[in-house]
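Observations on the model geometry
Take a look at the letters that make up each chain.
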Amino acid sequence: MALQAGLFDFALGELVRQHRASFPPLWTAESWAKLLIWLALNCGADGSREGLEAFAGAIGPRTMARMRRLFFERELVAINLKLMADPAEAQVLALPLEPAGGEGGLDAATLAEALEQVGLAERVSTDPHSWVRHESLVTIPWLG
């Protein structure tokens, strides 16, 4: 049973990672909703509100929360950076994947480049003076 649950968790995570860029506008609640609707329809749910709610209920809150986290985070291994950018949160979080001495991959130029690379630069403040550093974590405010 644990193997089956692990397989389900892995497959669902891969689906989210592989298709999260398929539903513009990226980094929005609308994009997240589009992914969920796509998943529901491909799993046999009808497109009605009740059908979509039944699908969400079948997934459950724990799995839904994990899917949402995966949907709104990116790991940029080449620069040792993880971005967590759920629009329901007050700010974007940037943190190193692996501990590094000093700021490591969290210098302003690297962060600005990463924001551009993942398509967040137009949605968040790109002014490093508005960013807040908390040891190895940097918080970046959303625009508007």
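For the structure itself, look to the data block above.
Residues numbered from 1 in each chain as written. Predicted model: local features only at pLDDT ≥ 70, side-chain atom pairs only at ≥ 80, totals over all residues. Heavy atoms only, no water.

1. What about the pairing of strand β3 (residues 91-96)?
We count it as follows: The pairing criterion for strands is at least two bridges between them, as found by DSSP. To qualify as a helix, a DSSP run of H or I must reach at least 4 residues; to qualify as a strand, a run of E must reach at least 2; elements of each kind are numbered from the N terminus.
As paired elements, strand β2 (residues 81-84) and β3 share four bridges and run antiparallel to each other. Looking across to β3, one finds that Leu81 is bridged to Pro96. Between β2 and the antiparallel strand that follows it, β3, lie six residues. One ladder, built from four bridges, connects β3 with strand β5 (residues 137-141); its direction is antiparallel. Its bridge partner being in β5, Val92 is matched across the sheet by Ile140.

2. Quick word on the sheet that holds strand β1 (residues 73-76)
Convention followed: Axes here refer to lines fitted to C-alpha atoms; in helices the fit is confined to the stretch in contact. Angles between the N-to-C directions go from 0 to 180 degrees. It only takes one pair of heavy atoms within 4.5 Å for two residues to be counted as in contact.
Across the sheet, which stays open at both edges, the five strands sit in the order β1-β2-β3-β5-β4 with antiparallel pairing between neighbours. Edge strands, defined here as strands with exactly one partner in the open sheet, are β1 and β4 (132-134). Ignoring strand direction, the axes of neighbouring strands in this sheet form an average angle of 20°. Relative to β5, β4 is paired through three bridges, and the arrangement is antiparallel. When the bridges of β5 are listed, Val132 appears paired with Thr139. This element, helix α5 (residues 108-117), spans β1, β2, β3, β4 and β5 of the sheet and lies at about 55° to β2.

Function cannot be read off these values alone, since they describe shape.
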